[in-house]
Every structure is written in structure tokens, then in C-alpha cells.
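# Close look at the chain arrangement
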Amino acid sequence: MNGKVAVVTGAARGIGAACARALLAGGYRVAVCDIDAAAGEKFVRELGATGDARFYVLNVMDAGQVEAVMKQIVADFGSVDVLVNNAGITRDGLVMRMKAEQWQQVLDVNLNGTYYCAQAVVMPMIKQRQGRIINIASVVGQMGNAGQANYCASKAGVIGLTKSLARELASRGITVNAVAPGFIETDMTAKLGEKAREELLRNVPIPRLGQPEDVAQAVLFLAGEGASYITGHVLNVNGGMYM
Ligand code: NAI
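Residues numbered from 1 in each chain as written. Predicted model: local features only at pLDDT ≥ 70, side-chain atom pairs only at ≥ 80, totals over all residues. Heavy atoms only, no water.

## Points about the sheet that holds strand β5 (residues 131-136)
Quick reminder of the rule: Two strands pair under a simple rule: DSSP has to find at least two bridges between them. Under the scheme used here, helices are H or I runs from DSSP no shorter than 4 residues and strands are E runs no shorter than 2 residues, and both carry numbers assigned from the N terminus. Here, axes are lines fitted to C-alpha atoms. For helices the fit covers the stretch in contact, and angles between N-to-C directions go from 0 to 180 degrees. Any two residues whose heavy atoms approach within 4.5 Å are treated as being in contact.
Across the sheet, seven strands lie side by side as β3-β2-β1-β4-β5-β6-β7; this open sheet has parallel pairing. Every other strand in the sheet has two partners, leaving β3 (53-57) and β7 (234-237) as the edge strands with one partner each. Within the sheet, the average angular offset between the axes of one strand and its neighbour, ignoring direction, is 20°. In this sheet, strand β2 (residues 29-34) lies alongside strand β1 (residues 5-9) in parallel orientation, the contact comprising five bridges. Residue Val7 lies in a different strand from β2, and its bridge partner there is Ala31. Where helix α4 (residues 100-128) meets the sheet, its contacts fall on β1, β4 (82-85), β5 and β6 (174-181), and the angle it forms with β4 comes to roughly 175°.

## Description of the packing of helix α1 (residues 14-25) against helix α2 (residues 37-47)
We count it as follows: Reported orientations rely on four angle classes, namely roughly parallel under 35 degrees, roughly antiparallel over 145, roughly perpendicular from 65 to 115, and oblique for the rest. Take the far helix as the reference: if the near one is turned anticlockwise from it by less than a right angle, the crossing is left-handed, and if turned clockwise, right-handed. Polarity classes work like this: nonpolar for Ala, Val, Leu, Ile, Met, Phe, Trp, Tyr, Cys and Pro, charged for Asp, Glu, Lys and Arg, and polar for all others, with Gly in that last group.
Put simply, α1 and α2 touch, their axes get as near as 12 Å, and they point 30° apart. As far as their axial angle goes, α2 and α1 are roughly parallel. Considering how the two elements wind past one another, α1 and α2 form a crossing that is right-handed. Residues Ala17, Ala20, Arg21 and Leu24 of α1 form the contact with α2, whose own contacting residues are Phe43, Glu46 and Leu47. Classifying every residue of the contact of α1 with α2 gives five nonpolar, no polar and two charged.

In short, the description is geometric, and any link to function would need to be established separately.
Given below as C-alpha cells:
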């Protein structure tokens, strides 16, 4: 145990769940947050880490709920040392056919949610004079992708937010970094057809799909002591898809 407390959003499955597992194995106590209460509670039961992992139902789009849940986590665990902003959604479509709500929902969860969660932990982290904020961006936030303008804009926004927050908080002992995954095998990408997968893999020099654990190891590194002089960085975990 290193005694530190990590909060992971969207942690009931996929990359968030892998981050929660890796942090737990790294000695952190983990607040597992997700909008999906049934899946989140089941996941925490499976972890079997009595006391060291707790589930909190959290919709990151809801600023009031974010504030309340972060306060509850600090009350329950005594601090919040690491925040992993992982909750994210896609609502794909070409811009010419995109509905206003498709655009808005993706920005609300991926970008506003990241902002609300970061804002809610900044004061406790400033008081502790240390903290780590790690935002999950995406390779397509760096490259763009046809059919994902809403998602790419939200993830590019996350990178801009990361760099600005890094500058604001560096003198307070808080680092802020992003991890930009490439094509990772989760429920989010399971929707893609076989043809789209093959097409995508053609552009990935390391000839396999990424696994949630590949992303989780990057997060674990950025959360740890070894990364204390790294801030405002975007760490690519994309098999070389974008360099
Ligand atoms: P996933 O769809 O497997 O899991 C996302 C989790 O977020 C789910 O448990 C879901 O219930 C939760 N969630 C959704 N809306 C929420 C909300 N409003 N509040 C709280 N929780 C919410 O997704 P995956 O693949 O694990 O992705 C995780 C993150 O990684 C996302 O930010 C995604 O954009 C990013 N990413 C994923 C890539 C991939 O290839 N899978 C590639 C690049 C980035």
C-alpha cells in the first residue's frame, strides 16, 4: 500500500476498469466511479479488495453531483491524490447529418465532465500541496477522424484543458497530463465492423489492437513518483498510429 487515493471515472468497464485494477495493484486505494451503477458495483465486488476499492455512482455531466461525490470520496478516504478522467462516449456521424444533441452529449461528457471533475479536486489537491490529474484523450483528438467531429473536438479540447491546467497548477505540486490511446479493444470499439477494424489496423505499425492494460500502465506511470517532473504532456499509447 502506498496509502494514496485514486479516483477513476467511467471505471465500470474497459480502460477505466483496467486503470482501477492497475492502481489497486500499485497500492492505491481506488474510488471507482461510473454512471452505470449495476456494472460498477459488480466490478468492485469482483475486485474483492475490501475497503480499498469503493463504488460511487457518478454522472460526470452533472456538475453538482461531481462536486458532491468528490467531497464524499475525500470524506471516506481522507484525501484525493490522483484523478483519472476516463469517462467518455461516442455518438458518431458525419457533420452534414449530425444532430445538435449528438454534438452536445459528446462535449458534455468528454470535455465538460473532465473539466467538472478536475475543478472539484483542485482545491483538496492544492491544500495537500500534491496531486496528479490524468485525462484520457484520444489519438483522433490529435489526428481528426471523419465521422467523429464531435468526439475529436471533445478530445482535442481535453488536450488544451490538460496543458492549461498543467500551467495553472505546476507551482502547487500538481501535475496534469493526458494519455492519448489509439485503437483499444473495449466495448466502445466492439461496435466497429470487421472491415473497419482491418482498415484501422493497416495504419498501426505495432500489428495488434491495444488492450485496456496498455493504457492503464501509462496511467500508473503518470500517477507515480517517477513522473513527478512531467506535466502538460500527452502520452501516446497508440502502437505508433500517430507519432
Ligand atoms: P467504454 O465504453 O468501454 O467504457 C466507458 C465507461 O464510461 C462505461 O462504463 C460508461 O458507463 C462510463 N460512462 C459513460 N458516460 C458516463 C458519464 N456521463 N458519467 C460517468 N461515466 C460514464 O469505453 P472505453 O473504450 O473504455 O473508453 C474509456 C476512455 O478512453 C474514453 O474517454 C474514451 O473516449 C477513451 N478512448 C478509448 C479508445 C478505444 O479505442 N477504446 C481510444 C481512445 C480513447
